[in-house]
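This is what each chain is made of:
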Amino acid sequence: MSHAAVGAPGTPRRYLHSLWLLSARDLKVRYSTSFLGYLWSVLDPLVMSLIYWFVFTQVFHRDVGEEPYIVFLISALLPWVWFNSSVGDFTRAFKKDARLVRSTAIPRTIWVNRIVLSKGIEYLFSLPVLVLFIVISLVMETDPNQVVQIGWGVLWMPVAMLLQTILLVGLGLLIAPLCVMYVDLERTTALILRAMFYATPIIYNVTDLPGIAQTLGAFNPLAGIFMLYRMAFFPDQWNLFTLVISVVMSLAILALGVWAFRTLERPVLKEL
């Protein structure tokens, strides 16, 4: 392709073109080698949501969250899948394509950003799961208190996606080079993600936490982000303090990630 189409080397246009090609490659590899293909983007969060819904509504007595609980659950579980799968792939971002990382002249931040983009697209692909249960709630629910009310809060969803992208890029720029320098961090990250699932307001809301735990929970950068995802259906979830903390921490993690990446880029190339 000509420079006019993709941009000259070193330009933002060329970077974005390369970013899209790599992200599209990841999606094609994921779906073309799988029998169910795209359906995995729907089935995986659907099965997870149904399991947690069954456990917390049919097996145990639940006094957290909002009604309908399945919508409350899925609205945070879907972006969690985006977060969890991205961070997991960050640990192998450079090792997986070590030869290309060493040999190409493209800015090496692209190996982090293509993960964020491809997993973000998968998140968009999984949104039909949320739409499905919203429709079920509207059609089948007879109790007005159990019916989903979609309001102006839906406008917060793009803001939530932007904040999550900023947070993930910062984490990726930090985790990817560190995992090359310190191999044990890959397994450590997996353990942290398991614990973080329960420390993140997915099956509950921050305001459901008791005492000091509520304040501590607000310092999880995902707390304010997930609150914004839920604002479309549960406007009473609004908490300005939690949102401000999430914005500040996301920007701080991005700044830390940029600094760490610039510092570690050369040592990482030598290690690869």
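In case you missed it, the structure is sitting above this.
A.B. asks: Is there a simple way to explain the overall build of the chain in this structure?
C.D. replies: Along the chain, the regular secondary structure elements total 12 helices and zero strands. Listed N to C, the secondary structure of the chain is α-α-α-α-α-α-α-α-α-α-α-α in terms of helices and strands. In the chain, buried positions account for 46% of the 272 residues. Counted over contacts in the chain with a minimum sequence separation of 6, partners at least 24 positions apart contribute 76%. Accessible surface for the chain amounts to roughly 14,200 Å². Of this, 69% is attributable to carbon and sulfur atoms.

A.B. asks: What is the right way to read unusual backbone geometry from this model?
C.D. replies: Glutamate 67 connects to proline 68 through a cis peptide bond whose omega is 0 degrees. Tracing the backbone shows proline 68 in the loop between α3 (39-59) and α4 (69-90).

A.B. asks: Teacher, can you tell me more about the packing of helix α11 (residues 221-230) against helix α12 (residues 240-271) here?
C.D. replies: Each pair of packed helices can be described by the angle between their axes along with the distance between the axes. Close contact between α11 and α12 brings their axes to 7 Å; oriented N to C, the two are set at 120 degrees. In terms of orientation, α11 and α12 fall into the oblique class. Helix-helix and strand crossings are classified by hand; for α11 and α12 the assignment is left-handed. Each of Pro221, Ala223, Gly224, Ile225, Met227 and Leu228 in α11 lies in contact with α12, whose residues at this interface are Thr242, Leu243, Ser246, Met249, Ser250 and Ile253.

A.B. asks: What should I look at first to understand a nonpolar patch on the surface in this one?
C.D. replies: Residues Leu50, Trp53, Phe54, Val59 and Phe60 make up a contiguous nonpolar surface patch of about 480 Å² in total accessible area. Within the secondary structure, tryptophan 53 is located in helix α3.

A.B. asks: Explain the nonpolar core to me, please; I cannot follow it from the model alone.
C.D. replies: Within soluble globular proteins, side chains that are nonpolar tend to cluster in buried spots. If you look at the biggest cluster of nonpolar residues, it comprises 67 residues, and the most contacted ones within it are Val71, Trp80, Phe83 and Phe90. Of the residues forming this core, the biggest block, 14 residues, is contributed by α4. Apart from residues lying up to four places away in sequence, tryptophan 80 is in contact with Leu193, Met196, Phe197, Thr200, Ile202, Leu222 and Phe226.

Scoring rules and cut-offs
- Residues numbered from 1 in each chain as written.
- Predicted model: local features only at pLDDT ≥ 70, side-chain atom pairs only at ≥ 80, totals over all residues.
- Heavy atoms only, no water.
- Helix = DSSP H or I, 4+ residues; strand = E, 2+ residues; numbered from the N terminus.
- Buried < 20%, exposed > 50% of the residue type's maximum accessible area, 1.4 Å probe, protein only.
- Contact = heavy atoms within 4.5 Å.
- Areas by Shrake-Rupley, 256 points an atom, 1.4 Å probe, with all protein chains shown as cover.
- Axes fitted to C-alpha atoms, helices over the stretch in contact; angles between N-to-C directions.
- Parallel < 35°, antiparallel > 145°, perpendicular 65-115°, else oblique.
- Left-handed = near helix turned anticlockwise from the far one by under 90°.
- Patch = residues over 30% accessible without salt bridge, like charges linked within 9 Å, V, L, I, M, F, W, Y side chains within 5 Å.
- Salt bridge = Lys/Arg side-chain N within 4 Å of Asp/Glu carboxyl O.
- Core = buried A, V, L, I, M, F, W, Y, C linked by side-chain atoms within 4.5 Å.

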